[in-house]
Amino acid sequence: MSDYKYQTQEEILTRGMEAIGIPLREIDKTERIETGKGAIGSIIEESWFGYKINSQSEPDFAVAGVELKVTPYINTRKGIQAKERLVCNIINYMEEYKKTFKTSHFWHKCNTMLLMSYEHRYDAPKGDFTIDKAILFSFPEEDLVIIEHDWELIMEKIRSGHAHELSEGDTLYLGACTKGATSASSREQPFSNMPAKQRAYSLKQSYMTSILRRFVFGEETNERIIKDPNELKGISFFEFINKKFSPYFGKSQAELKKTFGISTSTKSLNHIIASRILNVSDVENSEEFLKANIKIKTIRIEANGQRIEQSMSFPAFEFKKIIEQEWEDSDIYQTMVEQKYLFIVFRKDDEYNCDKTSSMHTEAHLFLHSLILWQLPEADEEEVRRIWEKTIQTICDGVILEKVIHGTSVCIRNNLPKEADSYAVHVRPHAARAAYRFDDVDIGNLSDANELPDGRWMTKQCFWFNNSYIVDQIMKYFI
């Protein structure tokens, strides 16, 4: 590639900013605007900066050491969110493991980037989209500590002959995403004869959301758990979190409440306890948890360690909305596949079952046991997708609602996927009370229901991870 026109970072930034506000159809000289994923980035490369697309390991503007990245975002009720991860360069398994982070292909190519952002609108053609911001971006020090550790985790799997087991769930900010869907995309790895999926370095969607909000749109930063980047020297972020929690392992909820001066018994009690332990006001809204897309879930294990109290639920979905979504843009993909969870595990003692009606009794017999940082294993993603697709098909075909009378009570059965239909996930009501409107059935309040595409109403539903599946996942860690 020839980048002779743009030899300095200032020239590159100036040219990038000149594109702001121009409809992409006016920039596009190649007529590739509607050719699919990646078309907009290609248009900016070829038609605006005037160089041919390439897959070289050098930055796009090699003389200035700047990589060009065009990234979309969407406006949601929660604010600006990155539409997708930012894919960087292909990982060369045969060479990359020999390097250090600062000599790696990732760092060489992406340590300084020209980020050009645009709003992706589902109700407008791509030709109407415009670049709205252009900035030169370098990673802040507090992020580099975690990104470097992510890179080391990826290298550890390559060096141990397990490149075929790489997963985006392994890391926090810097991922190893699959690149290419066919067997032809497999690559040789140095310490195993097992072919490995072709993967590329990528900055995760949640991390890109944070970058857009802070550096592109100038929003204020959130409270940090890591007050000094040196706190992570030699340990991972999870090891740091676990170290903070470890003095409290074995203490009951009641003892933890007393320790931190907490008087409430609200459902968010464990969220409050976690925030106090980590010295932040709201752990889930800390910089690190937002960037790494981590949510907290409390897991209560029976005294024998073989059973948990209940399945793991997710927000209710809207029947009309879910059938319009694509898999990787769906709410379920975001919450069940992409989301990381910090499982705060409490273990019951043998006395727990004698009186479940008293919250004070419960708090005295639930003991903080351990932490698990968990994300759905890649091997189980297809099973979640299968049940998601089966749910959509059932809704589109028309959910079967059957009225069953048991004495003086009425029960409504449906044919959405049940726990017996999958080892991992199922669908069942989310609302505390049943609500239906169809044929001669009029049950409950419609605030507890959602309208089906055919005009009938049924109780709000949500996806759940099976109780047994979560137990199996936890057993892999410590039981």
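Preceding block: the structure.
Here we summarise the structure given alongside this text.

Analysis parameters
- Residues numbered from 1 in each chain as written.
- Predicted model: local features only at pLDDT ≥ 70, side-chain atom pairs only at ≥ 80, totals over all residues.
- Heavy atoms only, no water.
- Pairing = 2+ DSSP bridges.
- Helix = DSSP H or I, 4+ residues; strand = E, 2+ residues; numbered from the N terminus.
- Axes fitted to C-alpha atoms, helices over the stretch in contact; angles between N-to-C directions.
- Contact = heavy atoms within 4.5 Å.
- Polar contact = N/O pair within 3.5 Å; in protein donor to acceptor, adjacent residues only side chain to side chain.
- Disulfide = S-S within 2.5 Å.
- Buried < 20%, exposed > 50% of the residue type's maximum accessible area, 1.4 Å probe, protein only.
- Phe/Tyr/Trp six-rings, centres within 6.5 Å; stacked < 30°, edge-to-face > 60°.
- Lys NZ or Arg CZ within 6 Å of the ring centre and 35° of its normal.
- Lys, Arg positive; Asp, Glu negative; His and termini not counted.
- Salt bridge = Lys/Arg side-chain N within 4 Å of Asp/Glu carboxyl O.
- Core = buried A, V, L, I, M, F, W, Y, C linked by side-chain atoms within 4.5 Å.

Concerning the sheet that holds strand β3 (residues 86-90)
Backbone hydrogen bonds hold the strands of a sheet together, and the pairing may be parallel or antiparallel.
Then, in step 1: Ordered in space as β3-β9-β6, the three strands form an open sheet in which the pairing is antiparallel. Taken across any chain shown, the strands that pair with only one partner, and hence form the sheet edges, are β3 and β6 (174-178). Ignoring strand direction, the axes of neighbouring strands in this sheet form an average angle of 40 degrees.
Then, in step 2: When β3 meets strand β9 (residues 199-203), the two strands line up antiparallel, connected through three bridges. Its bridge partner being in β9, Leu86 is matched across the sheet by Leu203.

Some words on the environment of Gln189
Then, in step 1: For Gln189, the position within the fold is in strand β7 (residues 187-189).
Then, in step 2: Apart from the residues lying within four places of it in its own chain, the contact partners of Gln189 are Tyr93, Met94, Gly161, His162, Ala163, His164, Met194 and Ala196.
Then, in step 3: A polar side-chain atom of Gln189 sits 3.0 Å from the main-chain amide nitrogen of Ala163.
Then, in step 4: A distance of 2.8 Å separates a polar atom in the side chain of Gln189 from the backbone oxygen of Met194.

Considering the sheet that holds strand β13 (residues 366-374)
Then, in step 1: The mixed open sheet is built from three strands, whose spatial order is β10-β12-β13. Single-partner strands in this sheet number two, and they are β10 (294-301) and β13. Each strand of the sheet is rotated relative to its neighbour by a mean of 20 degrees, with strand direction disregarded.
Then, in step 2: Note: β10 against strand β12 (residues 340-348), eight bridges, orientation parallel. Directly across from Arg300, in β12, lies its bridge partner Phe346.
Then, in step 3: Packing of helix α9 (residues 253-260) onto the sheet brings it into contact with β10, β12 and β13, and relative to β13 it is tilted by some 85 degrees.

Looking at the state of the cysteines
Then, in step 1: With the rule as written, the count across this model stands at zero disulfides.
Then, in step 2: Free cysteine Cys110: the closest other cysteine sulfur is in Cys88, separated by 3.9 Å.
Then, in step 3: Free of any disulfide, Cys462 has its nearest neighbouring cysteine sulfur in Cys411, separated by 17 Å.
Then, in step 4: Taking the relative accessible area as the measure of exposure, Cys462 reaches 0% and is therefore buried.

What about the packing of aromatic side chains?
Then, in step 1: Under the defined criterion, the tally for this structure stands at 31 aromatic pairs.
Then, in step 2: Judged by centre distance (5.0 Å) and plane angle (75 degrees), the rings of Tyr97 and Phe191 are edge-to-face. Taken together, the residues Tyr97 in the loop between α4 (93-96) and α5 (105-110) and Phe191 in the loop between β7 and β8 (192-196) connect sequence positions 94 residues apart.
Then, in step 3: With 6.4 Å between their ring centres and 70 degrees between their planes, Trp374 and Tyr469 make a pair best called edge-to-face. One end of the pair, Trp374, is in strand β13; the other, Tyr469, is in helix α16 (residues 467-475), and 95 residues separate them in sequence.
Then, in step 4: For Trp374, a relative accessible area of 1% gives the class buried.
Then, in step 5: Through a chain of ring-to-ring contacts, three or more aromatic side chains come together here, namely Phe101, Phe106, Trp107, Phe137, Phe139, Trp151, Tyr201 and Phe215.
Then, in step 6: Directly above the ring of Trp48 sits Arg15, whose terminal nitrogen or CZ lies 3.7 Å from the centroid.

Observations concerning the side chain of Lys340
Then, in step 1: In this fold, Lys340 is placed in strand β12.
Then, in step 2: In this structure, Lys340 is buried with no salt-bridge partner, the nearest side chain bearing the opposite charge being Asp170 at 7.1 Å.
Then, in step 3: Looking at Lys340, its side chain comes within polar contact range of the side chain of Gln375, at 3.2 Å.
Then, in step 4: Not counting residues within four places of it along the chain, the set of residues in contact with Lys340 comprises Glu168, Gly169, Asp170, Thr171, Leu172, Lys204, Ala292, Asn293, Ile294, Lys295, Trp374 and Gln375.

Considerations on the nonpolar core
Then, in step 1: Of all hydrophobic cores here, the largest spans 67 residues; its most connected members are Phe106, Phe139, Leu203, Ile225 and Ile241.
Then, in step 2: Top element by residues in this core is helix α6 (residues 141-159). It accounts for eight residues.
Then, in step 3: Ile225 has contacts with Glu231, Phe237, Phe240, Ile241, Leu278, Val280, Val283, Ser286, Glu288 and Phe289, leaving out every residue within four places of it along the chain.
Then, in step 4: Ranked by size, the runner-up nonpolar core spans 42 residues in total, among them Ile308, Leu401, Tyr436 and Leu452.

Digging into unusual backbone geometry
Then, in step 1: The phi dihedral of Asn279 is positive, around 60 degrees, even though this residue is not glycine.
Then, in step 2: Along the chain, the position of Asn279 falls in the loop between α10 (269-277) and α11 (287-292).
Then, in step 3: Under the relative-accessibility criterion, Asn279 is labelled exposed at 55%.
Then, in step 4: The backbone phi angle of Asn293 is positive, close to 60 degrees, even though this residue is not glycine.
Then, in step 5: Position of Asn293 relative to the elements: it lies in the loop between α11 and β10.

Considerations on the pattern of salt bridges
Opposite charge on two side chains lets them pair, provided their charged atoms get close.
Then, in step 1: All told, the structure shown has 28 salt bridges when counted by the stated rule.
Then, in step 2: The partner of Arg433 in a salt bridge is Asp448, with the nearest N and O atoms 3.2 Å apart. One end of the pair, Arg433, is in the loop between β16 (425-429) and β17 (436-438); the other, Asp448, is in the loop between β18 (441-443) and β19 (449-451), with 15 residues separating them in the sequence.
Then, in step 3: For Arg433, a relative accessible area of 53% puts it in the exposed group.
Then, in step 4: Its relative accessible area of 9% is what places Asp448 among the buried residues.
Then, in step 5: Connected through salt bridges with shared partners, the residues Glu67, Lys69 and Lys109 form a single ionic network.

A look at the side chain of Ser117
Then, in step 1: Here Ser117 shows up in strand β4 (residues 112-119).
Then, in step 2: Apart from the residues within four sequence positions on either side, Ser117 is in contact with Thr71, Tyr73, Thr130, Ile131, Asp132, Lys133, Leu212, Val216 and Phe217.

These figures come from the coordinates and say nothing about function on their own.
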